[in-house]
Amino acid sequence: MPDTAPPRYSPLVPPDMQDEIFWADGRAPEDERLWVPVGPGRWSRPLCFNVSQGYWVHLTKVTEAGVVSRHRHPAPVHGFVLEGRWRYLERDWVATAGSYLYEPPGDVHTLVVDPGDSMVTLFHNTGALLYCDEDGQVTGTTDVFDRIAVARRHFEEVGLGADYVKRFIR
Ligand SMILES: [Fe+2]
């Protein structure tokens, strides 16, 4: 009987990179400790911290209405809404479950969640978030290295261990 099992690995990918490339986590396991608190009613669940290319992919969860942040980016952002709804004050559309969004570099936008709403959204951020005041002036920043530091502290505090963050680093 012929062996019809697919090859375990692609021959195109070097053996020592297989586990770096094919790796799955996402929303499982359902362990609340994996949600890193980043503000009142706000969490970030890391999926990928890519330090060699300066980007991070994560799930943002917001359960409290209000302004989440006003910011701009030096590089493009991609997002996909998994649950709930939210909007940007500067736009007339509402992002809902299933929405894909592209944020061009330089656009200043203010993410808000309206009363009664909540959301979970996947974001792919490259470079940094540049937090802005109402005049668009930068008041603070965060990048993949800041995100790693916050996650590392959180994982240590909740008992997963500081090194837990390493599984997300590429
Ligand atoms: Fe943004």
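Quick summary incoming for the structure in this document.

Rules used in this analysis
Residues numbered from 1 in each chain as written. Predicted model: local features only at pLDDT ≥ 70, side-chain atom pairs only at ≥ 80, totals over all residues. Helix = DSSP H or I, 4+ residues; strand = E, 2+ residues; numbered from the N terminus. Expected span 1.5 Å × (residues − 1). Buried ≥ 20, exposed ≤ 12 C-beta atoms within 10 Å, placed from the backbone. Arc of directions from axis to C-beta. Contact = placed C-beta atoms within 7 Å. Pairing = 2+ DSSP bridges. Core = buried A, V, L, I, M, F, W, Y, C linked by C-beta atoms within 7 Å.

Further remarks concern helix H2 (residues 144-157). End to end, H2 covers 20 Å across 14 residues, agreeing with the expected 20 Å (1.5 Å per residue, within 8%). If you check which residues of H2 are buried, you get Val144, Arg147, Ala151, His154 and Phe155. The arc that holds every buried residue of H2, seen down its axis, measures 95°, which confines them to one face. Those residues of H2 that are exposed and aimed more than 90 degrees away from the buried face are Ala149 and Glu157. Summarising the contacts, the buried residues of H2 are in contact with strand E1 (36-39), strand E2 (42-50), strand E3 (55-62) and strand E11 (138-143). One or two residues past the end of H2 sits Gly159, with phi positive at roughly 95°.

The subject of this paragraph is the pairing of E1. Bridging between E1 and E2 involves 3 bridges; their strand directions are antiparallel. Bridge pairing links Gly39 to Arg42 in E2. Hairpin connection between E1 and E2: a loop of 2 residues separates the two successive antiparallel strands, and Gly41 in this loop has a positive phi of roughly 65°.

Moving on: the nonpolar core. In terms of nonpolar packing, the biggest core is built from 10 residues, these being Val36, Val38, Phe49, Tyr55, Trp56, Val144, Ala151, Phe155, Val165 and Phe168. Broken down by secondary-structure element, the contributors of at least two residues to this core are E1, E3 and H2. The contact partners of Tyr55, leaving out residues within four places of it in the chain, are Asn50, His124, Asn125, Thr126 and Val144. Residues Ala95, Leu111, Val113 and Met119 belong to the second largest nonpolar core, which totals 7 residues.

Secondary-structure assignment places Thr121 in strand E9 (residues 119-126). For Thr121, a count of 22 C-beta atoms within 10 Å corresponds to the buried category. Residues Thr121 and Ser44 lie 77 residues apart in sequence; the distance between their C-alpha atoms is 9.6 Å. For Thr121, the residues in contact, after removing those within four places along its chain, are Thr60, Gly79, Phe80, Val81 and Leu82.

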